[in-house]
Amino acid sequence: MVDIIKLLPDHVANQIAAGEVVQRPSSVVKELLENAIDAGASSIKLIVKDGGKALIQVVDDGIGMSETDARLSFERHATSKISSAEDLFNLRTKGFRGEALASIAAIAHVDLQTRTAKSETGTHIKIEGSKVVSQEVAVTPKGSSIAVKNLFFNIPARRNFLKSNQVELRHITDEFQRVALVHPSVAFKYYNNGSELFNLPSESFRQRIVHVFGNRINERLVPVEEETEVIKISGFISKPEFAKKSRGEQFFFANGRFIRSPYLHHAIVAAFEGLIKPDVHPGYFLNLEVDPSSIDINIHPTKTEVKFDDENTLYAILRSTVKHSLGQFSVAPVLDFERDRNLDTPYAYQQKEAVLPKVAVDTNFNPFAEEAQTVSKQTTAYKKQSVKGWEDLYAAISPDNFSSVEFESEGNVPEIFESQDDISQGQQITFQLKRKYVITTIKSGMVVIDQSRAHQRILFEKFLQDITVKEAVSQQLLFPMELNFTTKEVALLSNIKDSLSSLGFVLAISKESVKVTGIPSIMSESGIGTVLEELLRDFSEGYENGGFSQAELMAKTLSKSLAIKTGQLLAQDSQIALVNDLFGCKEPNLSPFQKKIFITLSGDEIDKKFN
């Protein structure tokens, strides 16, 4: 029998391993940033081009590598983090497998420059697809600079599966934020296509959160602090009123490493029970410090899924800690039936001593003298007058004159059934049911319309036309409104600014804020912030999930935000206008989100209900 099992070549084995470690450009960013942290860097620079497809470069001022270490670092299972199996249960570094650089070098062009503090010269290595092209002595600063170019150049199928540059950049930014948040003492700089996205100095954890997510998040943060024998918890949670329908501000860090844990997330949600709606998610930035021997990180190549020894205890401690913080900082409502707020000392008077009240006496006051004077001048308010001639008041309505008396009418009381005259004149009849449905009649029976979905369809087609024709009407604000956004959100707004202008928005975009001077005519000033936030959220998610065009996705979001809602009372004229506008649309049957807008009931179907 012929032997059929054989060893794979190293370059093939490296490409297979790369499929697990490097899923997209953000995976490379994560591995390189964590290597820089493990190297003890105090300043890290990330440079990205074309969503990481053309270039990902990380420059740090860490300890650097010697010539031998630099060459050996690209071999599989070569690492300085661990030396024995026992070290897996006492991990204090980000990496430990020794597969990252070998996997990256197998599917990209890698350029490494590094130097230690004790060496006068450094090492420059170039690798293409696991093959060392050159290795030479170079003059380079202390630390390491590793550039990854042309990712997946030798795996075209994998490269074709990558998303657009905007989506890949969003994933890279997410990984950058996770590493930057958990290491506030390290300074970070982040550049995309030559423009600076983040410049984070060394600072406190709260300052780092504010610099990453914008100044508006500062007022939302509530401190959390607890230390037990099992776990030490520190960080911040967001106030309940700022909980969002989409996730994005939920961060768990275990021993300085970003993790995902649905079980511990449920503990946070349970602590907010009764304070937020069921379909929203609270924000949190929590550092968890546990004994390294009680946590297993070696589960998945991404190292974001971990296993704790005693998750039930951690769940209980985390839930009670968050509840305590909500109560301690008066975020959660408290019922105290023994307390009388009227007896509380005002804050401004708590440190003041009690002062004996002074009594002033008027020695010239004589109540008897004034009373006598008053009585002498007083006149009676009621004066009895003659009542002769009262019969004249009723002379006009004597029994003989009742036929000429006019009485006040009862006003126009609407009837349940329209008169036959109105129907014969062709007047459209509509009425609202449960403030959700608009019902109108047709020749064959009746139509029941969902008012919210119908308005969404009407607005959707209007916005699409405005974006295409670019003739939207804009109303200028008397007082311009300035809104604060994160650097990531400002960059996204810049990309869609032209489409927003076509809809009627007039925006002036700066580095961390947006000044709104004009809005669409059908939009209210109070809803500007909410609409733009929903637009940014849906736009960032829509790129990856639906493949919609920019105009279609924007029209969908705005129609959903500005459409009338269930429970809104509509006047008769508004009901008629809604019905006419709906059936004037190109597609009146379905909403922009592919949901049925109306149903019809024929006369025969109604007759069957009575049989």
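Higher on the page you've got the structure.
Residues numbered from 1 in each chain as written. Predicted model: local features only at pLDDT ≥ 70, side-chain atom pairs only at ≥ 80, totals over all residues. Heavy atoms only, no water.

A. Expanded view of the pattern of salt bridges. Applying the stated criterion across every chain, the model contains 11 salt bridges. Residues Arg208 and Glu203 are paired through a salt bridge, measuring 2.7 Å at the closest nitrogen-oxygen approach. A single burial state applies to Arg208 and to Glu203, both of which are buried. Between Lys307 and Glu311 there is a salt bridge, with its nearest N and O atoms 4.0 Å apart. (Salt bridge = Lys/Arg side-chain N within 4 Å of Asp/Glu carboxyl O. Buried < 20%, exposed > 50% of the residue type's maximum accessible area, 1.4 Å probe, protein only.)

B. Representation of helix α12 (residues 451-469) in the model. Compared with an ideal rise of 1.5 Å per residue, which puts 19 residues at 27 Å, α12 spans 27 Å between its outermost C-alpha atoms and is within 8% of the ideal. In this structure Asp450 caps α12, since a side-chain oxygen of it lies 3.1 Å from the backbone nitrogen of Ser452. (Helix = DSSP H or I, 4+ residues; strand = E, 2+ residues; numbered from the N terminus. Expected span 1.5 Å × (residues − 1). Polar contact = N/O pair within 3.5 Å; in protein donor to acceptor, adjacent residues only side chain to side chain.)

C. Spatial organisation of the packing of helix α8 (residues 262-271) against helix α9 (residues 311-328). Following both chains from N to C, one finds α8 and α9 inclined at 30°, their axes separated by 8 Å at the closest point. Classified by the angle their axes make, α8 and α9 are roughly parallel. Crossing handedness for the pair α8 and α9: right-handed. Contact with α8, carried on its side by Tyr263, Leu264, His266, Ala267, Ile268, Ala270 and Ala271, involves Glu311, Asn312, Leu314, Tyr315, Leu318, Arg319, Val322, Lys323 and Leu326 of α9 and no other residues of that element. For the contact of α8 with α9, the residue count by class is 11 nonpolar, 2 polar and 3 charged. (Axes fitted to C-alpha atoms, helices over the stretch in contact; angles between N-to-C directions. Parallel < 35°, antiparallel > 145°, perpendicular 65-115°, else oblique. Left-handed = near helix turned anticlockwise from the far one by under 90°. Contact = heavy atoms within 4.5 Å. Nonpolar A, V, L, I, M, F, W, Y, C, P; charged D, E, K, R; others polar.)

D. Representation of the side chain of Glu168. By secondary structure assignment, the location of Glu168 is in helix α6 (residues 165-182). Classification of Glu168 as buried rests on a relative accessible area of 1%. Among the polar contacts made by the side chain of Glu168, one reaches the main-chain amide nitrogen of Lys163 at a distance of 3.0 Å. Each residue touching Glu168, except ones within four places of it in the same chain, is listed here: Arg24, Pro25, Gly51, Lys53, Leu162 and Lys163.

E. Inspection of the packing of aromatic side chains at higher detail. For the structure shown, the criterion picks out 14 aromatic pairs. A centroid spacing of 4.8 Å and a plane angle of 40° characterise the contact between Phe176 and Tyr190, whose relative ring orientation is tilted. Taken as a pair, Phe176 in helix α6 and Tyr190 in strand β7 (residues 187-192) lie far apart in primary sequence, 14 residues in all. Here Phe176 matches Tyr190 in class, with each residue buried. By way of ring pairs, the aromatic residues Phe213, Phe251, Phe253, Phe258 and Phe285 are connected into one cluster. (Phe/Tyr/Trp six-rings, centres within 6.5 Å; stacked < 30°, edge-to-face > 60°.)

F. Seen up close, the pairing of strand β13 (residues 284-289). Within β13, 5 of the 6 residues are buried, which leaves the element mostly enclosed by the surrounding structure. As paired elements, strand β10 (residues 232-238) and β13 share 6 bridges and run antiparallel to each other. Bridging across to β13, Ile233 finds its partner in Leu288. When strand β11 (residues 250-254) meets β13, the two strands line up parallel, connected through 5 bridges. (Pairing = 2+ DSSP bridges.)

G. Focus on the sheet that holds strand β17 (residues 437-442). Spatially, 4 strands are ordered β16-β17-β18-β22 in an open sheet, and the strand pairing comes out antiparallel. Either end of the sheet is taken by a strand with one partner, and the two such strands are β16 (430-433) and β22 (598-602). Averaged over all neighbouring strand pairs, the angle between strand axes comes to 25°, with direction disregarded. Judged from the 6 bridges that link them, β17 and strand β18 (residues 445-450) form a sheet pairing that is antiparallel. Counterpart to Thr440 in the pairing with β18 is Val447. Contacting β16, β17 and β18, α12 crosses the sheet at an angle of about 75° to β18. Contacting β16, β17, β18 and β22, helix α17 (residues 572-582) runs over the sheet at an angle of about 100° to β16.

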